[in-house]
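For reference, the chains in residue letters:
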Amino acid sequence: MKLRIAMAAAVSAFLAACGGGSDNVQSPVAQLFAQTNDSSNAVVHFVRNADGSLSARGSVLTGGKGTAGVNYFMGNIVAPDALTSNNSVIVSSDKTRLFVANAGDNTVSTFSVGTSGDLTLQAVSPTGGVRPTSLAFSNNVLYVSHQQGLQELGAYRVSADGKLTQIGQYAVAGPEALPTEVAVSPDGKFVVVTGFLKTVSPVQPLNMLLAYPTNSDGSLGTPVSTATAGVGPFGGRFGSGTLASVFSVAEAAGGTASSYSLSSTGAFSVLSGPVVVTRQKAPCWIALTPDNRFAYVGNGSGTVSLFSIDSTGKLSMTNPVAATETPVAGQTSAFANDSWVSPDGKYLYQDYAGDDKIVAYAIGVNGALKKLGEQPANTQAKISLQGLAGT
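Cut-offs and rules
Within each chain, residue numbers correspond to sequence positions counted from 1 in written order. pLDDT decides what is reported in this predicted model: residues at 70 or higher carry local features, side-chain atom pairs at 80 or more are listed and counted, and totals for whole chains, interfaces and linings draw on all residues regardless. Heavy atoms from the whole structure form the basis of all side-chain values; hydrogens and water molecules are not counted. Residues are said to line a cavity or pocket when one of their atoms sits within 4 Å of a point; the points come from a 1 Å grid over protein atoms alone, cavities being sets where a 1.4 Å probe fits but cannot get out and pockets being open sets with protein on both sides within 12 Å along at least five of seven lines. Grid points are joined across faces, edges and corners, and a volume is the space filled by probe spheres set on the points. Each helix is a run of DSSP H or I of at least 4 residues and each strand a run of E of at least 2, with the numbering of both proceeding from the N terminus. Residue classes follow a fixed rule: Ala, Val, Leu, Ile, Met, Phe, Trp, Tyr, Cys and Pro count as nonpolar, while Asp, Glu, Lys and Arg count as charged, and any other residue, Gly among them, counts as polar. The criterion for strand pairing is that DSSP finds at least two bridges linking the strands in question. Axis definition: a line fitted to C-alpha atoms, limited for helices to the stretch in contact. Angles are taken between N-to-C directions and run from 0 to 180 degrees. For each residue, the accessible area found with a 1.4 Å probe, counting protein chains only, is set against the maximum for its type, and the residue is called buried under 20%, exposed over 50%, and partly exposed in between. The contact criterion used throughout is that any non-hydrogen atoms of two residues lie within 4.5 Å. Counted as a polar contact is a pair of N or O atoms within 3.5 Å, where, for protein atoms, one must be capable of donating a hydrogen and the other of accepting one, and residues adjacent in sequence contribute only when both atoms are in side chains. Whether two aromatic rings pair depends on their centres lying within 6.5 Å, for rings of Phe, Tyr and Trp, where Trp uses its six-membered ring; planes under 30 degrees apart make the pair stacked, over 60 edge-to-face, and the rest tilted.

Asker: Go over the layout of surface pockets with me, naming the residues and quoting the values.
Answerer: Roughly 1200 Å³ of volume is contained in the largest pocket. In terms of lining, the largest pocket is formed by 38 residues, of which the most central are Val91, Ser93, Arg237, Phe238 and Trp340. Elements with a minimum of two residues in the lining of the largest pocket: β6 (89–91), β10 (130–138), β14 (179–184), β18 (233–238), β22 (283–288), β26 (336–341) and β30 (386–390). Residue composition of the lining of the largest pocket, by class: 19 nonpolar, 15 polar and 4 charged. Space inside the second largest pocket adds up to approximately 480 Å³. Looking at the second largest pocket, it is lined by 23 residues, and the ones nearest its centre are Phe73, Met74, Ala282, Gly300 and Phe335. Grouping the amino acids of the lining of the second largest pocket by side-chain chemistry returns 14 nonpolar, 7 polar and 2 charged.

Right under this line is the structure:
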């Protein structure tokens, strides 16, 4: 008996020394990232605390340049949402890499993300396009949409050192179409591009969704075009699990939201909409809870609208003003743009570019939002905050 106890103690000591004991297992730090879009672009870095609140970890230079708040879509003036996009900052599904679009010098920065939350800049790679603003990552291929040019979509292989090697460049809806988002379907079979706003005065949206079939090497085939139910599709999100083929879209120019089902051929069919985002302006950004129950739409009018989602993927307006912030002096709107929902579905994080801050909310059982706190972004232009993604 004494021999067994001695052997067990020895094995326990050996495991502990080798890091095999449970007390030595390091849990990854939950984090949140945005970009300043300053002339010298930087990642704004936060720790997500267990209660959903944020603690600042400072900023890390991307090695690239932002637009300093200059908004190409608005006629090259300094204005909120300078990148006119979703997904300018993304995290890989395994949470080990962070990608940031640098629209000011046509590059993408690749960071490695440590379990302790440390960011290490791996590479700053030119995209070969003009004004990269939206990113999507799948099977070690990064897809990048650009605001200008004849071929505004690019595909790039990401090497172990973080550098991008171009696989192909592709035309979208037309020259200078100004796409606002690129996304990859959950099954990895299609790359979806939205937007195509063309000009701001007057806005001339092309009202379509494009789905490019992906090849085994990450290159893209001929896109399938589907007319949208609403006017001006801006940002979209795929559901998860049983609703992985459902794509919910905020339609900026029409002031609506709709949901669609993506078929095996790449064509979309309408499930619901267009549903009016009641009394709100410029519904552009959208985030979904992981359980497919709620959608949060960020509006240029400075509010967040709440939609419920049924078991088939249909959207219903629940609360047009689930959250709002008071604009700071000199701004007409707090401008609620990029947002992100935590993987456990408990918290929503929302950029307010007009107020230069990020607000944390707790998500209630009915989807209602309770403000937990806020953190300043401290961008130089005070309105150039862009992108939001976390772990």
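Asker: Can you lay out the sheet that holds strand β7 (residues 97–102) for me, pointing to particular residues and giving the numbers?
Answerer: Overall, antiparallel pairing links the 4 strands, which are arranged β6-β7-β8-β9 in an open sheet. With one partner strand each, in any of the chains shown, β6 and β9 (119–126) form the two edges of the open sheet. The mean angle between the axes of side-by-side strands here comes to 20°, regardless of whether they run parallel or antiparallel.

Asker: Mind laying out the side chain of Asn87, listing which residues take part and the relevant values?
Answerer: Note that Asn87 resides in the loop between β5 (77–78) and β6. Residue classification places Asn87 among the buried residues on the basis of a relative accessible area of 14%. Residue contacts for Asn87: discarding those within four places in its chain leaves Thr133, Ser134, Leu135, Glu181, Val182, Arg237 and Asp338.

Asker: Describe the side chain of Ser53, and please don't skip the residues or the numbers.
Answerer: Note that Ser53 resides in the loop between β2 (42–48) and β3 (54–61). Of note is the side chain of Ser53, whose polar atom sits 2.6 Å from the side chain of Asp51.

Asker: Describe in detail the environment of Thr107, supporting the description with residues and values.
Answerer: Residue placement: Thr107 occurs in strand β8 (residues 107–113). Ignoring any residue separated from it by four or fewer positions in sequence, one finds Thr107 in contact with Gly64, Val100, Ala101, Asn102, Val124, Ser125, Pro126, Thr127 and Pro132. At 2.7 Å, the side chain of Thr107 and the side chain of Asp105 are in polar contact.

Asker: Could you give an account of unusual backbone geometry, with specific residues and numbers?
Answerer: Across the junction of Gly273 and Pro274, the peptide omega takes the value 5°, indicating a cis bond. Considering the arrangement of structural elements, one finds Pro274 in strand β21 (residues 268–276). The residue Asn139 is not glycine, and still its phi comes out positive at about 50°. Position of Asn139 among the secondary structure elements: in the loop between β10 and β11 (141–148). Its relative accessible area of 65% is what places Asn139 among the exposed residues. Phi angles above zero are rare outside glycine, and Asn207 is one such case at about 55°.

Asker: Give me the packing of aromatic side chains: which residues, what numbers.
Answerer: Tallied over the full model, the rule gives 8 aromatic pairs. Note on Phe99 and Phe137: the rings are 4.9 Å apart at their centroids and 40° apart in plane angle, and the pair reads as tilted. Of this pair, Phe99 sits in strand β7 while Phe137 is found in strand β10, placing the two residues 38 residues apart along the sequence. On the accessibility criterion, Phe137 (24% relative accessible area) is partly exposed. In textbook terms, an aromatic cluster arises when at least three aromatic residues are bridged by ring pairs, as seen for Phe238, Phe247, Tyr260 and Phe268.

Asker: Quick rundown of the sheet that holds strand β23 (residues 294–299)? Include the residues and the values.
Answerer: Taken in spatial order, the 4 strands of this open sheet run β22-β23-β24-β25, and their pairing is antiparallel. A strand with exactly one partner marks an edge of an open sheet, and here the two such strands are β22 and β25 (315–324). Mean inter-strand twist for the sheet, computed between neighbouring axes without regard to direction, equals 25°. Alignment of β22 against β23, held across 5 bridges, turns out to be antiparallel. Counterpart to Pro283 in the pairing with β23 is Asn299.

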